[in-house]
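# Survey of secondary and tertiary structure
Listed here are the chains, written in short residue letters.
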Amino acid sequence: MSFPETRMRRLRRSESMRALVRETTLDPGDLIYPLFICPGKSIRHEIGSMPGVFNLSVDEVVREAEEAASLGLGGLLLFGLPETKDEQGTGAWDDNGIVQQGLIALKQSAAAKKLVLIADVCLCEYTSHGHCGLIVEGRNGWDVDNDPSLELLGRTAASLARAGADVIAPSDMMDGRVAAIRRALDASGSAEVPILSYASKFASAFYGPFREAADSAPQFGDRKTYQMDGANIREAMREIDLDIAEGADMILMKPAMPYLDVVRAARERVDVPIGAYQVSGEYSMLQAAFEKGWLDRDRTILESLLGMRRAGAGFIVTYFAKDAARLL
Ligand code: PBG
């Protein structure tokens, strides 16, 4: 049957009718809010390229967590800005490190019972060179040394789990890291802690503002020898298969908006829970358009997140988490 018997507009006539036939939902519990923990007390330092996003000292992180819990958010994704950096990134696996301190404080708060505390695992925030693994001499004068970095990532994951992380989320893109982290967690009494691997993480210009927020820009070169080429979806599927074979319990796809086809392909291919990460640059470009009055803030935020859910993401990491929860 076609027009005039079929009229698609019949089911769009009222908000209650549209709600009845709506295919995709968005719930505060699907949203994960990233936080950047810094040393000090009572510190809320706004990131220039990310209005509304702050570096927060541990006490402020706890306050932020309480707000996140009262809004019904699903969880927090924790990043750290250590006091000092070095060649190896030793601050990452220091049991008294900045994210470890944050986790210990959060675990004592009532908010922690309502939120999943996810610890990002990477070395780039902790290394003086800003790369995600150890640096050795290589073909461009330098290279990121895969295998010795695995040990350090494993140590970092074990330390974060001991401090109270509910989920370990490696974002470094070294080969074999999921298996190495699984072994390290199992060997240190954290066999119950799941791994959310950033299985397909593309070398993206959209991470620019994050590198200001986390002070993690590479001091030389770029991340193209370990993060993926944005042109490749088949390679993304191989990364996902490998991470799941190595023991990933869930996978995260990032960036989100320019890679929604990858999210959809992943959803159709595997049965583990899938998250999408609306990264810093996606946030910043929307914020800039809101500031200029070019886009309607509330509607655009929800539409951008709904698109990720429709593409197949079960949950979404987003700097808009609190704004979106208030709108829902
Ligand atoms: C650490 C890491 C990055 C992001 C998440 N984990 C930065 C990068 O790879 O350079 C980016 C998140 C964002 O842009 O919001 N490796």
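As a reminder, the structure under discussion sits directly above these lines.
All of these numbers come straight from a predicted model, not from anything done at the bench.

With that out of the way, let us pick up the overall build of the protein. Check the secondary structure of the protein and you find eleven helices and twelve strands. The globule rule puts the C-alpha radius of gyration for 328 residues at 20 Å, and the 20 Å found for the protein is close to it. For the C-alpha atoms alone, the extent of the protein along its principal axes is close to 70 × 45 × 40 Å. Taking all 328 residues of the protein together, the buried fraction comes to 54%. Of the roughly 14900 Å² of accessible surface on the protein, 50% is carried by carbon and sulfur atoms. Separation between the mean location of the 37 positive side-chain charges and that of the 47 negative ones in the protein comes to 8 Å.

Looking at where Asp172 falls in the secondary structure, it is placed in the loop between β8 (167-170) and α5 (177-187). Classification of Asp172 as buried rests on a relative accessible area of 0%. Here the side chain of Asp172 touches Arg177 through a polar contact of 3.2 Å, side chain to side chain. Among residues more than four places away in sequence, those in contact with Asp172 are Val121, Cys122, Cys132, Leu153, Arg177 and Tyr226.

This part takes up unusual backbone geometry. Most of the time, phi is negative for any residue but glycine, and the peptide bond is trans. Here Phe3 and Pro4 are connected by a cis peptide whose omega angle stands at 10°. Tracing the sequence through the fold places Pro4 in the segment before α1 (15-20). Across the junction of Lys254 and Pro255, the peptide omega takes the value -10°, indicating a cis bond. Locating Pro255 in the fold gives a position in the loop between β10 (250-254) and α8 (260-269). Even without a glycine there, the phi angle at Ser42 is positive, about 55°. For Ser42, the position within the fold is in the loop between β1 (31-37) and β2 (44-47).

Another point: the site of the ligand. The local shell around the ligand holds 18 residues, among which Lys201, Arg211, Lys254, Ser280 and Tyr319 are the closest. Between the ligand and Arg211, the relevant distance is 2.7 Å, taken from an oxygen atom to a side-chain nitrogen or oxygen of the residue. In the model, an oxygen atom of the ligand is placed 2.6 Å from a nitrogen or oxygen of the Tyr319 side chain. The residue inventory of the shell around the ligand, partitioned by class, reads ten nonpolar, three polar and five charged.

Take the environment of Ile274 next. Take Ile274: it is sitting in strand β11 (residues 274-278). When its relative accessible area of 1% is taken as the criterion, Ile274 is described as buried. Counting along the chain gives 191 residues from Ile274 to Glu83, while the straight-line C-alpha distance between them is 33 Å. Ile274 has contacts with Ile251, Met253, Ala266, Arg267, Gly312, Ala313, Gly314 and Phe315, leaving out every residue within four places of it along the chain.

Our next topic: the packing of helix α7 (residues 234-246) against α8. In the contact formed by α7 and α8, the axes pass within 10 Å of each other and the chain directions differ by 45°. Overall, the two elements α7 and α8 adopt an arrangement that is oblique. Every pair of crossing elements has a handedness; the one defined by α7 and α8 is right-handed. Only Val262, Ala265, Ala266 and Arg269 of α8 make contact with α7, whose side of the interface consists of Ala236, Met237, Ile240 and Asp241. Taken together, the residues of the contact of α7 with α8 sort by class into six nonpolar, no polar and two charged.

A few words on the pairing of β10. With five of five residues buried, β10 lies mostly within the body of the structure. Sheet topology note: the strand β9 (residues 196-201)/β10 ladder contains five bridges and is parallel. What sits directly across from Ser200, in β10, is Met253. Here β10 runs beside β11; their pairing, made up of three bridges, is parallel. Looking at β11, one finds that Ile251 is bridged to Ile274. Chirality of the crossover, the property in question, places the unit of β10, α8 and β11 among those that are right-handed.

Another aspect to go through is the side chain of Ser280. Looking at the element boundaries, Ser280 is found in helix α9 (residues 280-291). Here Phe210 takes part through its backbone nitrogen, which lies 2.9 Å from a polar atom of the side chain of Ser280. If we skip the residues at most four places from it in the chain, Ser280 touches Met50, Phe206, Tyr207, Gly208, Pro209, Phe210 and Tyr319.

The next subject is the packing of helix α2 (residues 58-70) against helix α3 (residues 98-107). Their axes nearest at 9 Å, the elements α2 and α3 cross at an angle of 45°. Between α2 and α3, the angle falls in the class oblique. Considering only the axes of α2 and α3, their crossing is right-handed. Where α2 abuts α3, its residues Val58, Val61, Val62 and Ala65 lie against Gln101, Gly102, Ala105 and Leu106.

About the thresholds
Residues numbered from 1 in each chain as written. Predicted model: local features only at pLDDT ≥ 70, side-chain atom pairs only at ≥ 80, totals over all residues. Heavy atoms only, no water. Helix = DSSP H or I, 4+ residues; strand = E, 2+ residues; numbered from the N terminus. Rg over C-alpha atoms; globule rule 2.2 N^0.38 Å. Buried < 20%, exposed > 50% of the residue type's maximum accessible area, 1.4 Å probe, protein only. Areas by Shrake-Rupley, 256 points an atom, 1.4 Å probe, with all protein chains shown as cover. Lys, Arg positive; Asp, Glu negative; His and termini not counted. Charge placed at Lys NZ, Arg CZ, Asp CG, Glu CD. Polar contact = N/O pair within 3.5 Å; in protein donor to acceptor, adjacent residues only side chain to side chain. Contact = heavy atoms within 4.5 Å. Near = heavy atom within 4 Å. Nonpolar A, V, L, I, M, F, W, Y, C, P; charged D, E, K, R; others polar. Axes fitted to C-alpha atoms, helices over the stretch in contact; angles between N-to-C directions. Parallel < 35°, antiparallel > 145°, perpendicular 65-115°, else oblique. Left-handed = near helix turned anticlockwise from the far one by under 90°. Pairing = 2+ DSSP bridges. Right-handed = clockwise from strand over helix to strand, strands pointing away.

Note that all results are geometric; they support no functional claim without further evidence.
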